[in-house]
Every structure is written in structure tokens, then in C-alpha cells.
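One letter stands for each residue in the lines below.
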Amino acid sequence: MATRTDTQSPALHVSDSHDLIRVHGARVNNLKDVTVEIPKRRLTVFTGVSGSGKSSLVFSTIAAESQRMINETYSAFVQGFMPTLARPEVDVLEGLTTAIIVDQQRMGADPRSTVGTATDANAMLRILFSRLGKPHIGPPSAYSFNTASVRASGGITVERGAAKTRTVKATFNRTGGMCTRCEGRGSVSDIDLTQLYDDSKSLAEGAFTIPGWKSDSQWTVQVYAQSGFVDPDKPIAEYTEKELQAFLYGEAVKVKVNGVNLTYEGLIPKIQKSFLSKDKEAMQPHIRAFVERAVAFTTCPDCDGTRLSEGARTSKIERISIADACAMQISDLATWVSGLDEPSVAPLLTALRHTLDSFVQIGLGYLSLDRPAGTLSGGESQRVKMIRHLGSSLTDVTYVFDEPTIGLHPHDIQRMNELLLRLRDKGNTVLVVEHKPETIAIADHVVDLGPGAGAEGGAVCFEGTVEGLRASDTVTGRHFDDRAAVKESVRKPTGALEIRGASAHNLRDVDVDIPLGVLTVLTGVAGSGKSSLVHGSLPHRSGAAGENVVSVDQSPIRGSRRSNPATYTGLLDPIRKAFAKANDVKPALFSANSEGACPACNGAGVIYTDLGMMAGVTSTCEDCEGKRFDASVLEYRFGGRDISEVLAMSVAEAEEFFGAGEARTPAAHRVLGRLADVGLGYLRLGQPLTTLSGGERQRLKLATHMAGKGGVYVLDEPTAGLHLADVQQLLGLLDRLVDAGKSVIVVEHHQAVMAHADWIIDLGPGAGHDGGRIVFEGTPADLVADRSTLTGEHLAAYVGA
């Protein structure tokens, strides 16, 4: 037997040489032929001002191509059921590995979706209770609020061989855990009929007051009028009891209207299906306002809001039902599960413990499994998505994170950093888009994009180590060690908004006076009750002070590729009117979504060619050359420019254009001034909303709300997505609002905003049931001197006190 005697290590294997992700010539969105080489199995952080091209490079180029190539490994049949992804505009992409994207997209806001159903925790709990629950009520579905109990019996035909058939009686039975009263929603609705129709009118006279229901042409209205169940010419107030029953509660039946077969059903079930089965936050503003007027939601009296049937609520393990378990704070639930010892379900308990411990590790131990998924913030949604990856055995995977520190108190950022490093140390490539210096500091490699935003960005300004970034002359390098100083003098309040006995979510009968006429910052660890206090209590209490409250929260901007800053802010209306007046034509001609649209591309500017299961092809419309308007419309000019040239302007250019001379349009100039104030001077007016970054969308929303007549502005983490250099501009904007006589209340974790405040209200001391109290009220200087709270300690360290 031969014995190996050489002691030299073998030469580097060729397969070990692929240690870089190479990107050459990336041109997605505003990227300008970007070329970078990213080391694998390292933590790489992408920095740069908001809108500089970070997300375009990381998500729209690297991650998108990785996903597209993985999808192509499936059969054409399977690809037909998957989203089709176009190849990013890039010359070379080499060294890609499987990409797992953990972004800030809000979790589905379906009313049936909770934190438990969005993770595996609820499924594991259902199995646990189906095995150990006393009394035993059935399989896991018996504990699911999304599964209804079904019983059916009848004859089925069984075929055996040629012409041998016989009928067999069969019974089907499925036990579900859904509460039959609220159908698993936890709340029941009481509909105010006076908001649905005017009973002094007949259907023919337009009795319906529901948005979009017009009696002359709306099919839904015609179904009621021509159903034969009611007299369309009789006022609703004069309906007989039988007519009113059919009108309001009639069961679904087929009727013929103008020769067309349609379905008739009572008004109440119709409203429930049309409006109440949808997420209220996803509705258009006027529809949402109607629902809030017409419908009162109350906790279901049968299930007490647990969504579960009586059987599921009475089956218990050690005096705890599945409803009790889901209502517990997850950190408490993890402790309870750890105390269970049953060998028959040991693997299940191990997996459940790991999932619940992951919630706690990632700083979400204050949530409960029955928390609706739609109520989670962007940062919370991102961390919930991380949970399934924390214990993964996969290595050599590329994890892509979009600002994982959003919504995190400085105290929690260290924990997030440890999680990112743990993923890297398992042999994975970790790509992070980030603005916080605490997270940039732990990077192995930094890619800084810029130098500016929009058309002024899209280039690589720096590649290298964190120390190299500090020494570089880039915007990020210059601002990396910026520290705001605590204000020497603070403004004096002009009054106060009183909040008494606030008890929403985890708040513990909080009494607080929020000063008016100053910049007030609410601080505290994630889950301490900040948003519950301002969003749950303030709007209801503001009327007493005679103040209008304008709330700018973290909800996403909803818009298609046809939406742009001009349409979203209402800027396009005065522009269209100015063009119409100058040329003596209709304003609709100057809308690419109306009469002025190019007929070839219907105003989209591009032609979309669907190639079935392959990625579709997008090509610039040849007729309008991407301008979106009909050629005849472009002949009309205003101030020497046509409408497409105006929409191609940046906000800064347009502000100058509409501010003076023959194109002077005060209404448009005011909107443009607000956009410039929030730091969006580089955006093009016609740029699709779908191409904007998260920070840009938040500032766009802020600019829109600044037009309101509000006396009190409530901002929820306005620094989200903002570069270090942009935070100073935001502070200047907040100062201008306060100096103009407004009261500004900011929920924020950024120490620069805390230091700049006139008054700080700190909630805590912890999260969930460990929070919900006011632990400090006073000036930033007092908080730094006091150092009695976590926020005080971190702010003192930040300002170098």
C-alpha cells in the first residue's frame, strides 16, 4: 500500500478561482455602464445618496438575473406558471450564485394573513395541537381559521370495466377551525344602509350613493332595476317587506338584463363581496372613505376576535388553547413551548422552538402570531422574511438585503449586524444596500455609487474597504463620521395636544402632553409603542385642539408604470390646463392616459410583446419614439416647449421654467417648490413611479402632504432610505415647517433627528409587554445628561457626551 509522503498543499484547483461576481456594462435605469467586481463569501455594502442607483445594481441587475437564470432551469410547462423576468440590460454577468432576496416589500395585506400564517409557526402549532390537544377535535385543519367545516353526502357513480356502473353512497366530512359567524376574520361588520342609498328615491331616479354606481349605465345597478324582484320606479322607502328582503338579502340567482344573463344577489352580500373582502389600505382613497363611512367593524362576539371555532378554542395543552398561544407575545410563547416535553412530537417541538427563537433573535419577540401581516412596517416585514433563512443549511448562496436596519433602534442594530455576519461566516455572499454607518462599518467590501441622484448618479465612485471609503472624497466618505450636535437652545411650545389613557396595542394607559409649535421626536426600541401612540391616539384627540393632523406613514405608494411624479402630486393638472388655454384646445389632449395618447402604444411609450413562458420584449414605440403622445398633440406648445419636453424636465428645470416668463404658472410652481424642498430636484416629471427608490417615494409622499392645511404633521421615520448627506436637508425642511407655525411630530430612530429635536418623548423601556410606558420627557440635552434610558445612552455616545 502506497504512502503519501509529500507535505506541500496541492495547487489551487480551477474551481476555486471563481471567487468574484463580475458585472460589466450595467445600464439598468440610471446606471451608466457600471463595471464592478464583488468578492464572494464576503459582506459587501452598497452606499450612495438616495436615487444613486444602488437598488438598480443590486436588485434589478444582479438579483434579477440570478432569479431569471434559475427559472430557466425549469421546464417550459412550469415556467408558464412563474413570473416572466426580462434580462437586465448588462453586457456581462459572471459568477452568479442562487440569490435569496429579502426586501422591504410589505407582506400581503390579505385580511386572513397573520404573522403566524406568513411563517411556518402557525402550521407547526396546528399540528402540535392536533396531536396533544385535549379534547381531541380532529386533524390540523380543525385548528385553522382559514378552513371551514364541510359536510356532504350523496350518490357517486363508480365505473368498473366496460359498461359496469353502480351508484355508491358516499359521505365527505372535513373539520375546519373557522368561526362561522365572522368566517375567520375576527371581526363582523355592521353596514349603515343610509350610506348605500337614498330611500326617498327610486332606483330609476338614482337612489344608490355607492361610489361608481350610476343608474343610467352601470351594469350592477341595471341588474337590480331589471331583476323583477323590485319595482325600479317605486321609492325604496315604500318597498313591501318582501321586496326589501329580496333587495337587501336576496340569494344569488341568474336574471336576464337586456338579453344578457347576469347574477342577481342582495345588496348586503354584494357590498360584502365587492368592498369588505378587500384590504381597506389597498383601496382608492374615495372608496376607502366610503367604506369607513358606511361600515362599522366590531370584534366578533362568537369567537371574541380569535377567528376560531368553539372546538378549536376549547382544545388545550396545559390549559393553553391555540388561540391563547397565538395571542401570546412570541418571546413568552417560546418560553411556553420550551417547557413542553413530549417524545412523540420531539422533532416538531425542536423545529417550532427554533422558529420562535429566531423571532426573538431578530428583535421581533414583541410580536404575536395573530398580528395581521398587513399591519407590519417595512422593516418588520423584512425581518419576518429573514426568519426562514437564519437556520438554513444552504451555503454559497447570495443573500440580498434592502436596508435591513430600517425601523431599528440603535440598540438593535448591533444584533442585526451579528445576523448578517453569521450568514457570511457560513460561506454565503451577503449584499446589503444600506445608509447607516454602524452597518457600513462591518463591511468587508464597499461599493459607493453616485456622485448624485437620478441622471447625476449611476456611476461607481469608490470600491474598497471601509477605511478607504472614510479617506475617499466621495459624498459618503465625507459624511461617514458626521455627528449632529445637541441643540443649544430649543423652541418654546405654543400649546399641547393632550392624550389621556392611550391603550392601543401594548400601551399602558399612557397620559402625555405633546407640545405644539415645536419639533417633537418620539423614540424607543422597535415595538415600544411609538406608532401605536401617534397613529392610534393622536388623530382622534386633535379635534379638541382645533388642529388638522396630516399623517405621513410608511405605507407604500401604489402606482403603475403609467404613474409618475407629475400625476401623483397633481402637478399635471395645472400643466394640462396651461397648455389647453394657450392653444385653445381640451386639457384631455395633454394626457398620455386619455385623448392625447399615441394610438400605437396607447400612451405607454413602449410596445410590450408577450412571448408566453419566455421573458417578454419591450421596445420603444416607433410612432411616438417613446414620447407617449400623438404627433398632433406635440405640435401644441407652451413657453416654446411641447408636453413631452416638459415631462422630460427635471423638477429643478421645471421650477425655473414655470416660475417666470411666458410659461409662468403659479399653481405648477408651488408643487415643484415642494418637490425641491424635500430634495427631489433631480427627478424627471415623467419618470415612472416604479423606477423610484424607497427613499424617493417617501419624500414624494411628504411633498404631496405638505400641500395640506394641516397644523400638525406626523412623520413616521422620514429618514428611511435617506443618505447621511440627505438627513441634513430633511432637518432643514422640518425646521422650515416649524418656523412656518406648524407642529411636527416625528417617530424616529436616527440620532441626528433626536439631537435636533426641541422635545423628546421616549417610550419603553423594552418592546411588547416590556414597553408601552413613557420613560422620558424633555429636551435632548436633558436626555443626554440623564442617560437613564437606552435611547439616552446611545444618543450620548453619538454626540460624544
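Model, not experiment: these values are computed from the prediction. (Residues numbered from 1 in each chain as written. Predicted model: local features only at pLDDT ≥ 70, side-chain atom pairs only at ≥ 80, totals over all residues. Heavy atoms only, no water.)

A. How the structure looks around the pairing of strand β24 (residues 712-716). Most of β24 is tucked away: five of the five residues are buried. Note that β24 and strand β25 (residues 743-747) share five bridges and pair parallel. For Val-714, the partnering residue across the bridge sits in β25 and is Ile-745. Handedness of the crossover joining β24 and β25 through helix α25 (residues 724-739): right-handed. (Buried < 20%, exposed > 50% of the residue type's maximum accessible area, 1.4 Å probe, protein only. Helix = DSSP H or I, 4+ residues; strand = E, 2+ residues; numbered from the N terminus. Pairing = 2+ DSSP bridges. Right-handed = clockwise from strand over helix to strand, strands pointing away.)

B. Structural context of the pattern of salt bridges. A full pass over the atoms with the stated rule returns 27 salt bridges. A salt bridge links Arg-68 to Glu-65, with the nearest nitrogen and oxygen atoms 2.8 Å apart. Separated by three residues within a single helix, Arg-68 and Glu-65 lie in helix α1 (residues 54-71), roughly one turn from each other. Glu-65 matches Arg-68 in its accessibility class, with the two residues each being buried. Among the salt bridges present, the one from Glu-65 reaches Arg-87, with a minimum N-O distance of 3.9 Å. With Glu-65 in helix α1 and Arg-87 in the loop between α2 (76-79) and β4 (92-94), the pair connects residues that are 22 residues apart, well separated along the chain. (Salt bridge = Lys/Arg side-chain N within 4 Å of Asp/Glu carboxyl O.)

C. Structural detail: the sheet that holds strand β26 (residues 759-764). The six strands are arranged β21-β24-β25-β20-β26-β27 in an open sheet whose pairing can be described as mixed. For this open sheet the edge positions go to β21 (549-552) and β27 (773-778), each flanked by a neighbour on one side alone. Each strand axis lies, on average, 15 degrees off the axis of its neighbour in the sheet, ignoring direction. Across four bridges, strand β20 (residues 519-523) lies against β25 in parallel orientation. Bridged to Val-521 within β25 is Val-746. Set on the sheet, α25 makes contact with β20, β24 and β25; between it and β25 the angle comes to about 145 degrees. (Axes fitted to C-alpha atoms, helices over the stretch in contact; angles between N-to-C directions. Contact = heavy atoms within 4.5 Å.)

D. How the structure looks around the packing of aromatic side chains. For the coordinates displayed, the defined rule picks out 15 aromatic pairs. With a centroid separation of 6.4 Å and 25 degrees between ring planes, the pair formed by Phe-638 and Phe-658 is classed as stacked. With Phe-638 in the loop between β23 (614-620) and α21 (643-647) and Phe-658 in the loop between α22 (651-657) and α23 (666-677), this residue pair connects regions lying 20 residues apart in the sequence. The two residues Phe-638 and Phe-658 agree in class, both being buried. (Phe/Tyr/Trp six-rings, centres within 6.5 Å; stacked < 30°, edge-to-face > 60°.)

E. A look at the side chain of Asp-642. Its place among the elements puts Asp-642 in the loop between β23 and α21. Among residues more than four places away in sequence, those in contact with Asp-642 are Phe-579, Leu-634, Tyr-636 and Arg-637.

F. Summary view of a nonpolar patch on the surface. Taken together, Tyr-74, Phe-77, Val-78 and Phe-81 make up a surface patch of nonpolar side chains, about 470 Å² in accessible area. Within the fold, Tyr-74 resides in the loop between α1 and α2. (Patch = residues over 30% accessible without salt bridge, like charges linked within 9 Å, V, L, I, M, F, W, Y side chains within 5 Å. Areas by Shrake-Rupley, 256 points an atom, 1.4 Å probe, with all protein chains shown as cover.)

G. Empty space enclosed by the protein, seen in detail. Summed over the entire model, instances satisfying the criterion amount to five cavities of 30 Å³ or more. Estimated volume of the largest cavity: approximately 100 Å³. Lining the largest cavity we find 14 residues, and of these Ile-406, Lys-436, Thr-719, Ala-720 and Gly-721 sit closest to its centre. Tallied by class, the residues present in the lining of the largest cavity amount to three nonpolar, six polar and five charged. Approximately 70 Å³ is the volume found for the second largest cavity. Broken down by secondary-structure element, the contributors of at least two residues to the lining of the second largest cavity are α24 (694-705) and α25. Per-element accounting of the lining of the second largest cavity gives the leading share, four residues, to α25. (1 Å grid on protein atoms, 1.4 Å probe; cavity = no way out; pocket = protein on both sides within 12 Å on 5 of 7 lines; lining within 4 Å. Points joined across faces, edges and corners; volume = space filled by probe spheres on them. Nonpolar A, V, L, I, M, F, W, Y, C, P; charged D, E, K, R; others polar.)

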